[in-house]
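# Understanding the architecture of this molecule
Residue strings, one per chain:
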Amino acid sequence: MATLGSFSLFIDALTQKLKYPLPGESAHRIMQASSKLRLTFKPNARTRKSAVLVLFYPYKGEIYFPLILRPAYDGVHSGQVAFPGGRFENTDENLIRTALREAQEEIGLRLNDVKILGVLTELFIPASNFYVLPVIATMPYRPDFYPDPREVEDIFEIKLEEISDIEIIGSSDIQVRGEQVHAPHYMVQGYKIWGATAMMISEFLTVLNAPDSDPES
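A brief look at the structure comes next.

Basis of the calculations
Counting restarts for each chain: residues are numbered from 1 in the order of the written sequence. Confidence filtering applies because this is a predicted model: local features only for residues at pLDDT of at least 70, side-chain atom pairs given and counted only at 80 or more, and all residues used for totals across whole chains, interfaces and linings. No hydrogens and no water enter the side-chain calculation; it runs on all heavy atoms of the structure. Here a helix means four or more residues in a row that DSSP labels H or I, a strand means two or more in a row labelled E, and each is numbered from the N terminus. Per-residue accessibility, obtained with a 1.4 Å probe over protein chains only, is compared with the maximum for each type, and a residue is labelled buried under 20%, exposed over 50%, and partly exposed between these values. By the convention used here, residues are in contact when the closest approach between their heavy atoms is within 4.5 Å. Here the accessible surface of atoms and residues is derived via Shrake-Rupley with a 1.4 Å probe, and residues count as covered only by protein chains that are part of the display. Think of a salt bridge as a Lys or Arg side-chain nitrogen and an Asp or Glu carboxyl oxygen that are within 4 Å of each other. Identification of polar contacts relies on pairs of N or O atoms within 3.5 Å, with a donor-acceptor requirement for protein atoms, meaning one able to donate a hydrogen and the other able to accept it, and with residues adjacent in sequence counted only if both atoms are side-chain atoms. Only buried residues count toward a nonpolar core, which is a set of Ala, Val, Leu, Ile, Met, Phe, Trp, Tyr and Cys residues joined through side-chain atoms within 4.5 Å. The rule is short: rings of Phe, Tyr and Trp, with Trp giving its six-membered ring, pair when the centres are within 6.5 Å, and they are stacked under 30 degrees, edge-to-face over 60, tilted in between. The rule is short: NZ of Lys or CZ of Arg within 6 Å of the ring centre and within 35 degrees of the ring normal puts a charge over the ring. Pairing between strands is defined by DSSP: at least two bridges between the two strands are required.

Within the protein chain, the regular secondary structure consists of 6 helices and 11 strands. The buried share among the 217 residues of the protein chain stands at 50%. A sequence separation of at least 24 residues applies to 67% of the contacts in the protein chain between residues at least 6 apart. Accessible surface, the protein chain as shown: approximately 11300 Å² in total, 52% of it carbon and sulfur.

With that settled, the discussion passes to the pattern of salt bridges. In total, this model carries 8 salt bridges according to the counting rule given. Salt-bridge contacts for Glu25 lead to Arg29; the nearest nitrogen and oxygen are separated by 3.4 Å. A relative accessible area of 54% means that Glu25 is categorised as exposed. Under the relative-accessibility criterion, Arg29 is labelled partly exposed at 47%.

Take Asn129: it is sitting in the loop between strand E6 (123–125) and strand E7 (130–138). Here Asn44 takes part through its side chain, which lies 3.3 Å from a polar atom of the side chain of Asn129. Apart from the residues within four sequence positions on either side, Asn129 is in contact with Phe41, Asn44, Arg46, Thr47, Arg48 and Phe124.

Time to look at the nonpolar core. Generally speaking, soluble globular proteins have nonpolar side chains that are buried together. With 38 residues, the main nonpolar core has Phe10, Leu14, Phe56, Ile163, Tyr186 and Phe204 as its most contacted residues. Examining the composition of this core, we find that 9 residues originate from one element, helix H6 (residues 195–208), more than from any other. Excluding its chain neighbours within four sequence positions, the residues that come into contact with Tyr186 are Met31, Ile163, Ile168, Ile169, Tyr191, Lys192, Ile193, Ala198, Ile201, Ser202 and Leu205. Counting 21 residues, the second-largest nonpolar core is a separate cluster that includes Leu55, Tyr64, Leu111 and Ile155.

Among the structural elements, Asp92 can be located in the loop between strand E4 (85–87) and helix H4 (95–107). A polar atom in the side chain of Asp92 sits 2.8 Å from the side chain of Thr98.

This brings us to the packing of aromatic side chains. A ring pair, where both rings are aromatic, is described by two values, the distance of the centres and the angle of the planes. Under the defined criterion, the tally for this structure stands at 10 aromatic pairs. Three or more aromatic residues link up through ring pairs in this structure, and these residues are Phe7, Phe10, Phe56, Phe65, Phe83 and Phe204. Between the NZ or CZ atom of Arg142 and the centre of the ring of Tyr59, over which it lies, the distance is 4.8 Å.

Further remarks concern the pairing of strand E2 (residues 62–69). Taken across its 8 residues, E2 has 8 buried, putting it largely inside the fold. A two-sided burial pattern is seen for E2, the buried positions comprising Glu62, Tyr64, Pro66 and Ile68 on one face and Ile63, Phe65, Leu67 and Leu69 on the other. In the sheet, strand E1 (residues 48–59) pairs with E2 via 3 bridges, with the strands oriented antiparallel. When the bridges of E2 are listed, Pro58 appears paired with Ile63. The hairpin formed by E1 and E2 contains 2 residues between the paired strands, and Lys60 there has a positive phi angle of roughly 50 degrees. Pairing of E2 with strand E8 (residues 154–159), which is carried by 6 bridges, proceeds in the antiparallel orientation.

This is the structure:
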């Protein structure tokens, strides 16, 4: 069980580990779906930038982060579980600002006490032709959530201990725009977390579980 003191130690350790060389693709591959599109579709002149926010906070002696359920719509990410986030806008000074702005818009996050710890590896999503940057952040308390009903069907508060349990990892066949893909997933609160979100979680857990070392080495 995490106390405020142990939460502080977790944040300090994570901040240091985010300074190390990131595992990137090797960690992504652990949870990567077998898709023909991923093999054939590469970044191009129309590829756009986006960012998501991975926000850790203490609550009732545990460490949590929020995920959202996208509403059903006529689009590639319909009904998927994801981190709050979205596309880069010209008014954003950088992708960190994109992640913060989108989290504010989608889940009503108040940004006053949000502290940025670092970033994970940018990930290309062939299905939507986006690069997405996972931005890691923290708050010292559980935020109030005010989801935008147009973009968020539900918010899940996920325990770090829960997502770290290897027993929740499985795989299944999923239909994506008429293509059947075999996808590893995390089964959490009755939902399958797969695709880019699962790949980001895989990299985060790889970073978190990496042995301590000198980031300069």
